[in-house]
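Structure at a glance
One letter stands for each residue in the lines below.
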Amino acid sequence: MISLPQKFLEDMKKILGEEYDEFLKSYEDKKTTGLRVNTLKVSVEDFLNMGIFNLTPISWSEEGFYYDEDEVRPGKNPLHEAGIYYLQEPSAMAVVPNLDIKEGDKVLDICAAPGGKSTYIASKLNGKGLLISNEINKTRVKALGENIERFGVKNVIITNSSAKDLEKIFKGYFDKIIVDAPCSGEGMFRKDEGAIKDWSYNKVLECKSIQEELLKRAYNMLKEGGILVYSTCTFSREENEDVVNEFLSKHEDVDILKMERLWPHKIKGEGHFVAKMKKASQTESKVKTTKIKKLTSEIKNFREFEKSFLNIKIEGNLELKGDNLYLVPDEYPSLKGIKVLRSGLHIGTLKKNRFEPSHALSHYLKKEDVKYVHNLNLNSKEVMDYLRGNTLNTGKSRGWVLVTVEGFPLGWGKESNGVLKNHYPKGLRIKY
Ligand SMILES: C[S@@+](CC[C@H](N)C(=O)[O-])C[C@H]1O[C@@H](n2cnc3c(N)ncnc32)[C@H](O)[C@@H]1O
């Protein structure tokens, strides 16, 4: 039995009363593990028909399933690298469905790394509308970028800013906002002993004050009728009901639609808190749109690449930042004063006399969009060789080739003289 902080236990006893013993007993159970299907790449039905893992549905998420980590390791499967699912703690999957995402919505995820909620929102947006996925931490924002890229998302802007700076430009702008706040992580105790060591009551109070500030600033960025979801993976009353109730006491124009706890002794999950609110008043929005210059001769080499290697034409607004070419969202707000990691989909880099497609593009495309495909079997040695960064002998010389596993893109290779040179990014190569 893991040893839990005394003050935490006392507080849980106060909240849970008669249920306390049952709650305590849940710490003897094994942690729960889940995966969520990326419907941008594969339907839930087709994914299940592949029959790769033994899965059980998670009742609160259409795309979510439990797996048993003693039986399977979906994180070490080439299909994970292909981005057709995301590993996510099951109760965390209960948050995004509360946002009632509609294709075309403008959504802000203010605490986004490593991207569990953002990738879920992106698959619900289905390439339409806009997601601003923000993470304040410079290191964590990189992991967020990789996960968004693996998911093949085009209509996302990844920012590395504070809520204060975002609020300066986005007042009254968003249809939906999620504040998945930094918290004392009491819901992590069963899966991560480090979270127990890091816990203190001071941390609870510190988090509370950050949460209050995030909620207040996020609310100012919501438009009239917009939905805001506040969530944590902790159990303290201070960081959950107290944050929301104090916020409500200062804002008369908020309809509280839900305040719910997911307890580990009541559901099969590690636990979460979710509050859903609706804004009844108007906040004037002065968000400007970014003007896009039409590119023609500057991107000649890209158009040549497109003609030679793709079966589709990439339509939409293209923007050059230095040598890097991006497909930016149709809804493209001006981001002056905001640190941006990525605006939309990185398509590739213009080099002297040639164009080099990006890894992000390989994940956005479908196999039928590309002229030359080298497909690998899930259980082949070759697929592991590719993910380790090795060259492959294909016996062909076709130039840029999309390497896929069971038809799902993994990355690029460049073929000449019968050999495929590996373009799988060095930082992502597997070490096992
Ligand atoms: C619970 S995690 C977010 C998890 C993420 N939504 C997901 O589903 O993968 C909270 C995040 O808030 C970030 N954070 C910490 N302090 C913050 C602050 N003052 N303002 C905004 N974000 C903050 C942390 O770096 C962390 O990545």
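Residues numbered from 1 in each chain as written. Predicted model: local features only at pLDDT ≥ 70, side-chain atom pairs only at ≥ 80, totals over all residues. Heavy atoms only, no water.

On to the overall build of the protein chain. Tallying secondary structure elements over the protein chain gives 13 helices and 21 strands in all. Its C-alpha atoms give the protein chain a radius of gyration of 23 Å, within 12% of the compact-globule value 22 Å for 432 residues. On the principal axes, the C-alpha backbone points of the protein chain span a range of 70 × 55 × 35 Å. By the burial criterion, 56% of the 432 residues in the protein chain qualify as buried. Intrachain contacts of the protein chain at a sequence separation of at least 6 include 71% that bridge at least 24 residues. Entry remark: accessible area of the protein chain is about 19400 Å², with carbon and sulfur atoms responsible for 46%. Distance between charge centroids for the protein chain: 8 Å, based on 69 positive and 63 negative side chains. (Helix = DSSP H or I, 4+ residues; strand = E, 2+ residues; numbered from the N terminus. Rg over C-alpha atoms; globule rule 2.2 N^0.38 Å. Buried < 20%, exposed > 50% of the residue type's maximum accessible area, 1.4 Å probe, protein only. Contact = heavy atoms within 4.5 Å. Areas by Shrake-Rupley, 256 points an atom, 1.4 Å probe, with all protein chains shown as cover. Lys, Arg positive; Asp, Glu negative; His and termini not counted. Charge placed at Lys NZ, Arg CZ, Asp CG, Glu CD.)

This next bit is on the site of the ligand. Inspection of the region around the ligand gives 16 residues, with Cys 111, Gly 116, Glu 135, Arg 140 and Asp 180 positioned closest. The backbone of Ala 113 places a nitrogen or oxygen atom 3.4 Å from an oxygen atom of the ligand. One of the side-chain N or O atoms of Arg 140 is found 2.6 Å from an oxygen atom in the ligand. Protein contact buries 80% of the 600 Å² of open area that the ligand shows by itself. (Near = heavy atom within 4 Å. Polar contact = N/O pair within 3.5 Å; in protein donor to acceptor, adjacent residues only side chain to side chain.)

What follows is about the pattern of salt bridges. Within the structure shown, the criterion is met by 28 salt bridges. Across the pair Arg 217 and Glu 167 runs a salt bridge, and its minimum N-O distance is 2.6 Å. Placement of Arg 217 in helix α9 (residues 201-220) and of Glu 167 in helix α7 (residues 163-170) is noted, with a sequence separation of 50 residues between them. Side by side, Arg 217 and Glu 167 carry an identical accessibility label, which is buried. Lys 258 is the salt-bridge partner of Glu 260, the closest N and O atoms lying 3.8 Å from each other. Using a relative accessible area of 32% as the deciding quantity, one classes Glu 260 as partly exposed. (Salt bridge = Lys/Arg side-chain N within 4 Å of Asp/Glu carboxyl O.)

If you check UniProt for "active site" (unreviewed entry), the listed places come out as Cys 233 in our numbering. In contact with Cys 233, not counting residues within four places along its chain, are Cys 183, Gly 185, Glu 186, Gly 187, Met 188, Gly 271 and His 272. (UniProt positions renumbered as here; feature names shortened; annotations may be inferred.)

This next bit is on the domain arrangement of the protein chain. In terms of domain boundaries, the protein chain breaks down into domain 1 (6-279), domain 2 (289-365) and domain 3 (370-432). For domain 1 versus domain 3, the separation of C-alpha centres amounts to 34 Å. With 13 residues of domain 1 in contact, the opposing surface of domain 3 contributes eleven residues. Between domain 1 and domain 3, a total of about 990 Å² is buried, with carbon and sulfur atoms accounting for 77% of that surface. For the interface between domain 1 and domain 3, the tally reads zero salt bridges. (Domains from an automatic or database assignment. Buried area = accessible area lost by both parts, 1.4 Å probe.)

A word on the nonpolar core. Counting residues in hydrophobic clusters, the biggest one holds 35 residues, and the most contacted among them are Ile 110, Ile 177, Val 179, Leu 228, Tyr 230 and Met 277. Each of domain 1 (6-279) and domain 2 (289-365) contributes no fewer than three residues to this core. If we skip the residues at most four places from it in the chain, Ile 177 touches Leu 99, Leu 108, Ala 218, Met 221, Leu 222, Ile 227, Leu 228 and Val 229. (Core = buried A, V, L, I, M, F, W, Y, C linked by side-chain atoms within 4.5 Å.)

Taken in spatial order, the eight strands of this open sheet run β10-β11-β9-β8-β5-β6-β7-β14, and their pairing is mixed. Unpaired on one side and paired on the other, β10 (254-262) and β14 (340-343) mark the two borders of the sheet. Pairs of neighbouring strands in the sheet enclose a mean axial angle of 15°, with direction left out of account. Contacting β5 (106-109), β6 (130-134), β8 (174-180) and β11 (272-279), helix α5 (residues 116-125) crosses the sheet at an angle of about 175° to β6. (Pairing = 2+ DSSP bridges. Axes fitted to C-alpha atoms, helices over the stretch in contact; angles between N-to-C directions.)

Within the protein chain, residue pLDDT values average 97, and 100% of them lie at 70 or more. Predicted complex, confidence summary: ipTM 0.99, pTM 0.97. (pLDDT = per-residue confidence, 0-100.)

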